[in-house]
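Next come the chains, spelled out residue by residue.
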Amino acid sequence: QVQLVQSGGGLVQAGGSLRLSCLGSGRTFSNYAMGWFRQAPGKEREFVAAINRSGGWLGYADSVKGRFTISRDNAKNTVYLQMNSLKPEDTAVYYCAADRALVTSRSEYWGQGTQVTVSS
């Protein structure tokens, strides 16, 4: 079993930056692909970004491409989401996820969620 604990997030003005962190424990972190999803009020959870086990492959939703960067440090058991040029439409609860294969909305392991609010 994998436990994921998130940190970061908060309130920022449009155009600002935030960094989210997700610390994994319980199993070998490097055995898991990691990803970030978000859920805005009244909307379904949506994919934001993903990274493979080694960090050699990255994937992004079109809505965040060029603004967000996912990275991981396997020595620290942590995955990050650097969010730049934030927009009000980025406001949501953000979740990290872990999976032995591809991270999807049905992945087994999830962080507790962290609120990101972008004011206009």
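See above for the structure.
1. Some details on the state of the cysteines
- Within the structure shown, the criterion is met by one disulfide.
- For Cys-22, the disulfide goes to Cys-96, at an S-S distance of 2.1 Å. Measuring handedness by torsion sign, the sulfur bridge of Cys-22 and Cys-96 sits at about 55° and is right-handed. Here Cys-22 is found in strand β3 (residues 18–25), whereas its partner Cys-96 is found in strand β9 (residues 92–99), with 74 residues between them in sequence. Note on accessibility: Cys-22 and Cys-96 belong to one class, buried.

2. As for the nonpolar core
- Counting residues in hydrophobic clusters, the biggest one holds 29 residues, and the most contacted among them are Met-34, Trp-36, Leu-81, Met-83 and Tyr-94.
- For this core, the secondary-structure elements that each account for two or more residues are β3, β4 (33–39), β5 (46–51), β7 (68–73), β8 (78–83), β9 and β11 (114–119).
- The element that contributes the greatest number of residues to this core is β9, accounting for four residues.
- In terms of nonpolar packing, the next biggest core, distinct from the first, is built from five residues, Ala-33, Phe-37, Ala-50 and Ala-97 among them.

3. Section: the sheet that holds β7
- The four strands are arranged β1-β3-β8-β7 in an open sheet whose pairing can be described as antiparallel. The open sheet terminates on both sides in strands that have one partner only, identified here as β1 (3–8) and β7. The mean angle between the axes of side-by-side strands here comes to 15°, regardless of whether they run parallel or antiparallel.
- As judged from the six bridges shared by β3 and β8, these two strands associate in the antiparallel manner. Paired with Cys-22 across the two strands is Val-79, which belongs to β8.

Cut-offs used in this document
Residues numbered from 1 in each chain as written. Predicted model: local features only at pLDDT ≥ 70, side-chain atom pairs only at ≥ 80, totals over all residues. Heavy atoms only, no water. Disulfide = S-S within 2.5 Å. Helix = DSSP H or I, 4+ residues; strand = E, 2+ residues; numbered from the N terminus. Buried < 20%, exposed > 50% of the residue type's maximum accessible area, 1.4 Å probe, protein only. Core = buried A, V, L, I, M, F, W, Y, C linked by side-chain atoms within 4.5 Å. Pairing = 2+ DSSP bridges. Axes fitted to C-alpha atoms, helices over the stretch in contact; angles between N-to-C directions.

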